[in-house]
Amino acid sequence: MRKRYMLPLASAFLAMWACGGEDDGSTVAQPQDTIEQKVIESIQAALGPDVDLDSLKAANPGYVDSVRAAVSLALNFETTATSSDAQAGMEQTSSSLSSAETALSSADGATPAEPASSGDNPASSGGNPASSGEVSSPASSGDAPVAGSSSSSERGHHHHSSSSSGPATNPASSSVDVPPTSTPSTQASSDFVEDHRSECQIGDIPTSVNNAKLPDPFKGLDGKRISTKAEWKCRREEIAAMYEKIMFGTKPRNPEKVEGSFSGNKLKVSVTDKGKTISFSVSISGGGTKDNPKPGIIGFASFGGCGSLGASTNGLGVAMISFNPDDVAPENGGGSFFQLYSGSDAGTAIAWAWGISRVIDALEKTPEAGIDVHHLGVTGCSRHGKGSLIAGAFDERIALVIPQESGSGGASLWRSIAQVNKQKGTQFVQGLASAGTEGRWMKSSFKNYDGKETTLPFDQHMLTAMVAPRALLVLDNQSFDWLGEIPSNYCGNATLEVFKALGIEDNYTYAQKGGHDHCSLPQDHYDEVKAYVNAFLNESGTTKGKVESFSSVAKWNKSEWIDWDTPTLK
């Protein structure tokens with residue numbers, strides 16, 4: 001495993017030797033600051049541009065010293081040497097590289113840490129850098145950070161060596177385990193993807209169960225419970241596949257081509273697939289530049305704005321990206337998504353999620369838009385609260401998900417909705433049949449589960465759990481019966497169990513307050529929004545996760561709804 005670091009290092013050193021400065025016929029001693037800069041460049045070339053150099057130096061001083069020696073040799077080698085001298089120089093360089101490899105074995109058994117782009121990214125990959133022993137293959141999305149840490153690497157931020165050039169195109173695999181790619185930087189790049197479906201084998205999906213309690217999010221389709229964070233990656237994909245088959249319809253993956261063009265404040269997104277091309281645009285305000293991009297929040301164009309977070313994001317230095325879902329899939333039918341995928345079983349909600357994923361693809365390819373794609377949030381309210389939750393659940397490149405007042409079909413339990421309505425003797429909270437037909441949000445067949453909610457193989461605590469280990473801030477309004485004060489509260493409590501299992505409670509907050517208009521964020525929520533935006537998009541400050549409600553009627557009794565133990569995933 002150690003040898004895989006030597007080839008990129010050798011390439012970097014030989015490139016410096018072959019492409020050095022102009023020849024003056026003599027060897028020139030290089031200034032120390034030049035050598036140190038080249039040391040940094042060489043290590044970054046091998047381990048990724050975001051490698052934590054301080055940690056690497058502390059853990060592997062022999063490795064860094066050997067790199068420094070080889071760099072010094074490469075910089076000071078006489079570039080006008082004869083071919084025989086050049087061969088000797090290459091042998092010297094090779095010898096220095098061998099010394100560096102020896103240092104890998106001798107430096108207290110340590111190896112170079114995985115690049116920060118892999119280890120610092122629980123929001124996408126969740127991996128933690130290896131500090132001793134053999135360097136492992138890239139961490140899975142389940143390797144979440146430790147809760148309560150103030151470091152950015154443990155808050156679930158998106159750090160990667162490079163962004164992918166477009167939608168994921170990994171070949172399908174029949175095995176959960178994927179062999180490592182050739183270099184750490186390649187591994188980190190391939191981990192910044194929409195999802196990991198191609199890496200996971202999805203078993204038979206049941207369409208009916210008999211379970212009045214909430215289904216176990218940790219129990220796989222094979223009947224076995226997961227026990228490690230690494231296994232969460234494919235368990236998450238199983239949950240997603242269940243939702244696609246039963247509730248939302250299929251989210252198309254890997255379109256043939258996605259392009260972006262930026263002019264004024266508009267990003268035009270063009271998608272080609274199955275021999276057709278469609279396009280739509282989003283507007284960007286407060287963006288950065290190609291050389292100094294800013295984090296961004298993709299907001300559903302609710303009520304003419306960009307989400308419904310109001311003034312809570314003022315002064316935070318993040319761009320607002322306004323996405324109009326009607327440009328992709330209007331609720332009255334038609335739209336560019338269904339032009340591209342005629343005959344699709346998708347509801348409008350998963351079509352909106354598809355559109356947001358294509359916006360991210362286009363942003364990756366259009367740096368002049370000035371958006372840091374590794375620090376993106378998504379938000380929306382009401383039906384767009386559902387949309388933002390689904391978009392965030394189905395695209396792992398989104399670092400922060402803020403659904404607001406999402407109601408039935410969003411962050412609210414179907415089983416509890418049915419219970420409340422039965423107790424009230426009326427449709428007090430929007431029921432499954434109503435939500436399953438309004439706005440064409442869901443598959444047309446989903447309405448058939450009305451009155452049979454206990455047969456669903458999932459409930460909405462599993463949709464919110466799909467965001468983990470990334471950051472999730474759920475904002476609810478208890479003043480509107482239709483939104484389901486109790487079912488939403490219970491979903492908030494049940495969701496916490498997954499974040500607990502992953503050891504990342506501080507990546508999750510559920511906040512429920514009343515006394516304000518629908519989709520009008522009260523100032524009581526501003527502190528939560530600011531804390532989460534700063535921590536997960538700006539990488540400043542920390543969060544303290546919580547489940548908070550001022551409800552006088554929602555009395556969460558865990559044993560009433562949960563008959564499974566919450567594991568501590570290793």
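See the structure shown above.
Residues numbered from 1 in each chain as written. Predicted model: local features only at pLDDT ≥ 70, side-chain atom pairs only at ≥ 80, totals over all residues. Heavy atoms only, no water.

Another aspect to go through is the packing of aromatic side chains. As enumerated under the stated definition, the model contains 18 aromatic pairs in all. Ring geometry for Tyr243 and Phe248: centres 5.5 Å apart, planes at 20°, overall stacked. The buried category is assigned to Phe248, whose relative accessible area is 1%. Centre to centre, the rings of Trp414 and Phe446 are 5.6 Å apart; their planes meet at 55°, and the pair counts as tilted. (Phe/Tyr/Trp six-rings, centres within 6.5 Å; stacked < 30°, edge-to-face > 60°. Buried < 20%, exposed > 50% of the residue type's maximum accessible area, 1.4 Å probe, protein only.)

Under the counting rule described, the total for this entry stands at 24 salt bridges. A salt bridge links Arg197 to Glu237; the shortest N-O distance between them is 2.8 Å. On the criterion of sequence distance, the pair formed by Arg197 in the loop between α7 (184-191) and α8 (229-248) and Glu237 in helix α8 is long-range, its members being 40 residues apart. Glu237 carries the same exposure label as Arg197, and that label is buried. The shortest N-O distance in the salt bridge between Arg397 and Asp361 comes to 2.6 Å. Of this pair, Arg397 sits in the loop between α11 (383-394) and β7 (400-404) while Asp361 sits in helix α10 (residues 348-365), and the two are 36 residues apart along the sequence. Overall, Arg397 belongs to the buried group, its relative accessible area being 1%. On the basis of relative accessibility, which here comes to 0%, the residue Asp361 falls in the buried class. (Salt bridge = Lys/Arg side-chain N within 4 Å of Asp/Glu carboxyl O. Helix = DSSP H or I, 4+ residues; strand = E, 2+ residues; numbered from the N terminus.)

This part takes up the environment of Pro217. Locating Pro217 in the fold gives a position in the loop between α7 and α8. When near neighbours in sequence (up to four residues on either side) are disregarded, Pro217 contacts Trp232, Arg235, Ile239, His461, Met462, Val498 and Trp564. (Contact = heavy atoms within 4.5 Å.)

Cis geometry marks the peptide bond from Ala468 to Pro469; its omega dihedral reads 10°. Mapped onto the elements of the fold, Pro469 is located in the loop between α14 (460-465) and β8 (471-477). Residue Cys519 is not a glycine yet carries a positive backbone phi of 60°. A residue is classified by how much of its surface remains accessible, and Cys519, at 10% relative accessible area, is buried.

Scanning the entire structure with this criterion turns up two disulfides. What pairs with Cys200 in a disulfide is Cys234, and their sulfur atoms sit 2.0 Å apart. In this structure the cystine formed by Cys200 and Cys234 twists about its S-S bond by roughly -80°; its chirality is therefore left-handed. In this pair, Cys200 sits in the loop between α7 and α8 while Cys234 sits in helix α8, placing the two residues 34 residues apart along the sequence. Of the two residues, Cys200 and Cys234, neither departs from the other in class, the shared state being buried. Residue Cys381 pairs covalently with Cys519 via a disulfide, S to S 2.1 Å. Sign of the S-S torsion, about -95° for the bond between Cys381 and Cys519, identifies this disulfide as left-handed. In this pair, Cys381 is assigned in strand β6 (residues 371-381) and Cys519 in the loop between β9 (508-513) and α16 (526-538), connecting sequence segments 138 residues apart. Relative accessible area serves as the criterion here: at 2%, Cys381 is assigned to the buried category. The cystine pairing of the protein, numbering bonded cysteines in sequence order, is 1-2, 3-4. (Disulfide = S-S within 2.5 Å.)

Moving on, we get to the packing of helix α12 (residues 414-424) against helix α15 (residues 485-501). A pair of packed helices is captured by two measures, namely the crossing angle of their axes and the spacing between those axes. Where α12 contacts α15, the two axes come as close as 8 Å, and the packing angle between them is 150°. Accordingly, the angle class assigned to the pair α12 and α15 is roughly antiparallel. Considering only the axes of α12 and α15, their crossing is right-handed. Counting all contacts with α12, which are made through Ser416, Ile417 and Val420, the residues of α15 involved are Ile486, Pro487 and Tyr490. Split by residue class, the contact of α12 with α15 holds five nonpolar, one polar and no charged. (Axes fitted to C-alpha atoms, helices over the stretch in contact; angles between N-to-C directions. Parallel < 35°, antiparallel > 145°, perpendicular 65-115°, else oblique. Left-handed = near helix turned anticlockwise from the far one by under 90°. Nonpolar A, V, L, I, M, F, W, Y, C, P; charged D, E, K, R; others polar.)

This brings us to the sheet that holds strand β2 (residues 266-273). The strand order β1-β2-β3-β5-β4-β6-β7-β8-β9-β10 describes an open sheet built from ten strands, whose pairing is mixed. Here the strands that pair on one side only, and so sit at the sheet edges, are β1 (257-263) and β10 (546-549). Each strand axis lies, on average, 20° off the axis of its neighbour in the sheet, ignoring direction. Where strand β4 (residues 294-300) meets β6, five bridges bridge the pair, whose relative direction is parallel. (Pairing = 2+ DSSP bridges.)

Here α8 spans 26 Å end to end across 20 residues, near enough to the 28 Å set by a 1.5 Å rise per residue. One or two steps after α8, the chain reaches Gly249, where phi turns positive at roughly 90°. (Expected span 1.5 Å × (residues − 1).)

With six of eight residues buried, β2 lies mostly within the body of the structure. Of the strand pairs in this sheet, β1 and β2 are connected by seven bridges, and their pairing is antiparallel. Bridging across to β2, Phe262 finds its partner in Leu267. In sequence, β1 turns back onto β2 through a hairpin of two residues, with Gly264 there showing a positive phi of about 65°. By the bridge criterion, eight bridges tie β2 to strand β3 (residues 276-285) in an arrangement that is antiparallel. Of the residues in β3, the one forming a bridge with Lys266 is Ser283. Joining the antiparallel neighbours β2 and β3 is a turn of two residues, in which Lys274 adopts a positive phi near 55°.

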